[in-house]
Amino acid sequence: MFFDQSWMGYGYVGSLEAGAIALVIALLVYTVLHLFGRTQGWSQAVEIGWATLIAMVLASGNDLWNLVYFNYGRVQSLQLLRVRLAEVHDPDNLGGRVVAEFIGVCIGVYLGWLVASRRRRQSD
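Our subject in this report is the structure included herewith.

About the cut-offs
Residues numbered from 1 in each chain as written. Predicted model: local features only at pLDDT ≥ 70, side-chain atom pairs only at ≥ 80, totals over all residues. Heavy atoms only, no water. Helix = DSSP H or I, 4+ residues; strand = E, 2+ residues; numbered from the N terminus. Rg over C-alpha atoms; globule rule 2.2 N^0.38 Å. Buried < 20%, exposed > 50% of the residue type's maximum accessible area, 1.4 Å probe, protein only. Contact = heavy atoms within 4.5 Å. Areas by Shrake-Rupley, 256 points an atom, 1.4 Å probe, with all protein chains shown as cover. Lys, Arg positive; Asp, Glu negative; His and termini not counted. Charge placed at Lys NZ, Arg CZ, Asp CG, Glu CD. Core = buried A, V, L, I, M, F, W, Y, C linked by side-chain atoms within 4.5 Å. Axes fitted to C-alpha atoms, helices over the stretch in contact; angles between N-to-C directions. Left-handed = near helix turned anticlockwise from the far one by under 90°. Nonpolar A, V, L, I, M, F, W, Y, C, P; charged D, E, K, R; others polar.

1. Remarks on the overall build of the chain
Along the chain, the regular secondary structure elements total four helices and zero strands. Seen in sequence order, the chain has helices and strands lined up from the N terminus as α-α-α-α. On C-alpha atoms alone, the chain measures out to a radius of gyration of 17 Å, which is more than a quarter above the 14 Å that the 2.2 N^0.38 rule sets for 124 residues. Its C-alpha atoms give the chain principal-axis dimensions of roughly 60 × 25 × 20 Å. A burial count over the chain gives 35% of its 124 residues as buried. Looking at the chain alone, contacts between residues at least 24 apart form 68% of all its contacts between residues at least 6 apart. If you sum the accessible surface of the chain, you get close to 7800 Å²; carbon and sulfur atoms cover 66% of it. Where the 9 positive side-chain charges of the chain centre and where its 9 negative ones centre are 9 Å apart.

Put into structure tokens, the structure is as follows:
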């Protein structure tokens, strides 16, 4: 995430908090893209696709980068690994947090689409 995570919980609690934050971010991103896309003539698929991509980058970008770095990055020394791990909040549950953020983004975009489609039906 793009903010300080030191206040977040550890383990499942931290994953649920990260997922809830990702849900709100995705809902806001979809709403903004829906309002903009409506003036540009975008289809629902374009709105959903871009909202999902942007929200995933915003919500889980740093955690996803750390997950890839620790699994595939070349670590030159044990001291460098210790420094990098000290910068990560709850490195033991990094994968669970990324999964929760992805699920939160998908649910947030879905809820945004659901609200927008109901408003579309009511205005017709």
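2. Let's talk about the nonpolar core
A general trend in soluble globular proteins is that nonpolar side chains are found buried together. Counting residues in each nonpolar core, the largest one holds 14 residues, and the members touching the most others are V29, A51, V105 and V109. Contributing elements (two or more residues each) for this core: α1 (12-40), α2 (44-72) and α4 (94-123). The element contributing the most residues to this core is α1, with seven residues. Ignoring sequence-local partners within four residues, the contact set of V105 consists of A22, L23, A26, T52, A55, M56 and A59.

3. Details of the packing of α1 against α2
α2 packs onto α1 with a crossing angle of 140 degrees between their chain directions and a minimal axis gap of 9 Å. When the axes of α1 and α2 are compared, the crossing they make is right-handed. For the pair α1 and α2, the contacting residues are A22, I25, A26, V29, Y30, L33, H34, G37 and R38 in the first and E47, I48, W50, A51, I54, A55, L58 and A59 in the second. For the contact of α1 with α2, a count of residues per class yields 13 nonpolar, two polar and two charged.

4. Some remarks on the environment of L94
Here L94 is to be found in helix α4. What makes L94 buried here is its relative accessible area of 4%. Here the alpha-carbon distance between L94 and Y10, two residues 84 residues apart in the chain, equals 9.9 Å.

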